[in-house]
Amino acid sequence: AHQASLGRAMATASMHPSVSPTWRARRLQSIVEEEQSNRENREEILMEVIRQITEALIWGEQNGHEPNFFDYFCEKNILADFVRILGLDRISKGVKLQLLQTLSMLIQNIRRDTSLYYLFSNNYVNQLIATQFDWGDEEILSYYISFLKSLALRLNAETITFFLEQFPLYIEAIRFFGHRDQMVRTAIRNLTLQVYNVKDESMQRFVLKRSWRTYFVHLACHLRELWFKLDAARERCVAGGSENDRRALQEVNEQQNDLLMYISDVLSMEEVALREALAERVLQYAFFPVLLGSLGDGGAASGSLVRPAAGPRDRLSPECALFLLHETFDIFRSTPALLNPVVAALLLQRPPADLVGSCWRPPPPCPATYQATTPDVSAPCSADANSVAALDDGAPDEPGAPVYGRLAKVALRGGGEGAEGASDEAPRTQLLAQLRSSSDACVLLVAGILSACLACGGAWPRSFLSSSGLLPTAPPEGGGVDGGPEVVLLVVRALERHTSLRVVVLQALVQFVLSMAARAGPSTDGGGSAGEAAWLEAARGSARGALRSAAKHVRSYLQGALADAFLDIFAEEWEAHCTRPPGIKEACANLRCLSPQAANGSLGGAQGWTADWAFPGSSERQHAAKAIRVFLLLRQLCHELSKEGAAESKVDVAMTSSSGSAGGATSSSAARNPLHVLEEVADGYEDQRSVELGRQDRIVCAVASAEGRQSR
């Protein structure tokens, strides 16, 4: 009987135009109050009542017919009833979902400022935000996150004052920053960017202090955790992992890339203190000890800087560290707060001792608040806002002047001259040593990192680029490589190991050398012309040596079993050579840099590897094809570095770089085929006409008669 009476009351309270909206509100409220006092389970009726109240409120707001309806909603404090129902233990999941959806719809559809201010006043919304639900229930979490998103969209300089008491909207949201659900992660990151854009000094001070102690540290710890997962997935793939392992590698890479993009967005905000605080934390917890610290043993060999023993998850493989470093230069190229300290520590020959020490020390441990609630939810919640666990990282309780940023600024301004520290302890030594690595992926990624430094070189003084070896300077007395050509010589000398490098790696090295040649020019101090001459001459000499080695390798296939098919192979490789190669940036961003080195016709073909990314298989034809391709690449390099081709090369490289494709290499499509013979394109072949064949004993060709018959 009671249920029937409730049903009749709801029917009477329908949206019929002849019934007063205020009377409907009173009747619906009486049903809510009656349902709260009734111990029987009438969840469906209660959910229907809440839906009708929501529809009536939104209808009245959007049509402007009955402002008294919302006034009655405020007068009877129905919002408090909603919050109270949501906090009851005996309330089912369905009612909770309905209330969260109701409040999200109200916040999104309210148009009058007075109505919105009422919803945000009396701390009811803050109480709801701070309510601790079952975060393992994906459906409840989804509705809760949607509720937070709707609140963030209404944030501005006026409404922010309703949330500043412990700011639960921000504190509760950032607990889900590393959730396994991509939709949750994206929503939380967008919410924080909304908060950071609000111009309110009180809010900015609160957010800065809170983020410095917890959120920014959690972000850095989560980032390095993703890096370790990426490296573990790479190791499984190298060990012959399954298709699931390769998918896991791609998934983890996408997650860490998304997080880097989010950090870049925060570092691009107008709030300087916030940018500097985040940059300091991610440098301290992730970039210096994990990325740069994974390049080598640092100063342990010299004895002047003792590096503690690294733990099992303190370091990455060189391939993974270089891959992530290249991604760092690509993503943070316009954010000097983070990139400048990394560049100063990585490329200066004598970086500040504090920067070097940060690279070789183990990373600080994660705080107790990191993932303290569940593996997806960190702590503390807004109710424990004053119980933030102390961080044992030596940092002050509040952010001050950026230590790494200040050191980098001074070092870059001086070009590294006179800085304390030993060059054999610098990460730069470890970086350039990877050009001699047995892993050609490391060689490729080092070229990509150096190329990225050149691409954004306008952000740093020319003196720094010159002292780091990326641009030439006046040669020192007595010669040597300290005047600037060191980097290009190391890169060109890597080309001499062409038999152990894949074609895509050789293409990247050639592109990088041509990029350096294109950007080398006279400096403002007047010492650039002499340095440029020495720089280019050293590069030409090393390139000619590599070309002679490649030509000798090609000649070995002329007299073998492939002699008759050699011209066909050469023609095929010339056609492939004339196709524009992938740019250095594109090649280094490819996950094949982290995958096992495949051979043609085996693992590579099954995984979609192209010939340029694979080593030759067991076929002699494949080895000959690669030898010819290497010869053509080095021949092109020597030609464009020559005095006759240098000016043309600079113009072509500049045009290619501006188009954003190969990043420094010119296309070979316009070049003349080495086998081109003028008589072939004259008036056709004639009897008694002699054709110069060079020093070869014979040449095999196909002759087609008028009847269509061919003979060799």
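Only a predicted model underlies this, so the values are computations on that prediction, with no experimental measurement involved. (Residues numbered from 1 in each chain as written. Predicted model: local features only at pLDDT ≥ 70, side-chain atom pairs only at ≥ 80, totals over all residues. Heavy atoms only, no water.)

The helix and strand tally for the protein chain stands at 29 helices and two strands. Partitioning the contacts of the protein chain with sequence separation of at least 6, the portion at a separation of at least 24 is 75%. A total accessible area of about 32,200 Å² is found for the protein chain, and carbon and sulfur atoms account for 49% of it. (Helix = DSSP H or I, 4+ residues; strand = E, 2+ residues; numbered from the N terminus. Contact = heavy atoms within 4.5 Å. Areas by Shrake-Rupley, 256 points an atom, 1.4 Å probe, with all protein chains shown as cover.)

Okay, the environment of Phe323 next. In this structure, Phe323 sits in helix 15 (residues 318-331). The buried category is assigned to Phe323, whose relative accessible area is 2%. Not counting chain neighbours up to four residues away, the residues in contact with Phe323 comprise Asn253, Leu445, Cys588, Ala589, Asn590, Leu591, Cys593 and Leu594. (Buried < 20%, exposed > 50% of the residue type's maximum accessible area, 1.4 Å probe, protein only.)

Inspection of the secondary structure puts Arg281 in helix 14 (residues 272-291). The buried category is assigned to Arg281, whose relative accessible area is 0%. A polar contact of 3.1 Å, which involves the side chain of Arg281, links it to the backbone oxygen of Trp212. (Polar contact = N/O pair within 3.5 Å; in protein donor to acceptor, adjacent residues only side chain to side chain.)

Moving on: the packing of aromatic side chains. Within this structure, the stated rule accounts for 20 aromatic pairs. Geometrically, the ring pair formed by Trp227 and Phe287 is edge-to-face, given 5.3 Å between the ring centres and 85° between the ring planes. Of the two residues, Trp227 sits in helix 12 (residues 201-238) while Phe287 sits in helix 14, which places them 60 residues apart along the sequence. Taking relative accessible area as the criterion, Trp227 reaches 0% and is therefore assigned buried. Seen in terms of ring centroids, Trp460 and Phe464 are 6.0 Å apart; in terms of plane orientation they differ by 75°. Their pairing is edge-to-face. Each member of the pair, Trp460 together with Phe464, is buried. Cluster of aromatic residues (ring-pair linked, three or more members): Phe167, Tyr170, Phe177, Tyr196, Phe206, Tyr215, Phe216 and Tyr370. Taking NZ or CZ as reference, Arg281 lies 3.8 Å from the ring centre of Trp212, over its face. (Phe/Tyr/Trp six-rings, centres within 6.5 Å; stacked < 30°, edge-to-face > 60°. Lys NZ or Arg CZ within 6 Å of the ring centre and 35° of its normal.)

Next up on the list: the nonpolar core. Ranked by size, the top nonpolar core spans 209 residues in total, and within it Phe73, Leu119, Tyr196, Trp227, Phe287 and Trp460 carry the most contacts. At 17 residues, helix 12 tops the list of elements feeding residues into this core. Leave out the neighbours within four places in its chain, and Leu119 touches Phe70, Phe73, Leu79, Leu106, Ile107, Ile110 and Val125. (Core = buried A, V, L, I, M, F, W, Y, C linked by side-chain atoms within 4.5 Å.)

What follows deals with the state of the cysteines. The full count for this structure, using the stated rule, is zero disulfides. Unpaired in terms of disulfides, Cys593 finds its nearest cysteine sulfur in Cys588, a separation of 5.6 Å. (Disulfide = S-S within 2.5 Å.)

The next subject is the pattern of salt bridges. Counted under the stated rule, the structure contains 18 salt bridges. For Glu243, the salt bridge is made with Arg246, and the minimal N-O distance between the two is 3.0 Å. Here Glu243 and its partner Arg246 are both found in helix 13 (residues 243-267), three residues apart, which amounts to about one turn of the helix. On the basis of relative accessible area, Glu243 is assigned to the partly exposed category, the value being 43%. The residue Asp330 makes a salt bridge to Arg333 at a minimum N-O spacing of 3.0 Å. Exposure remark for Arg333: the relative accessible area of 49% places this residue in the partly exposed category. (Salt bridge = Lys/Arg side-chain N within 4 Å of Asp/Glu carboxyl O.)

Mapped onto the fold, Glu572 is located in helix 25 (residues 566-577). A relative accessible area of 43% means that Glu572 is categorised as partly exposed. Separated by 53 residues in the primary sequence, Glu572 and Ala625 have C-alpha atoms spaced 8.3 Å apart.

A word on the confidence of the model for the protein chain. Residues at a pLDDT of 70 or more form 73% of the protein chain, whose mean pLDDT is 77. The low-confidence segment residues 522-528, where pLDDT is below 50, has nine contacts with residues more than four positions distant or belonging to other chains. (pLDDT = per-residue confidence, 0-100.)

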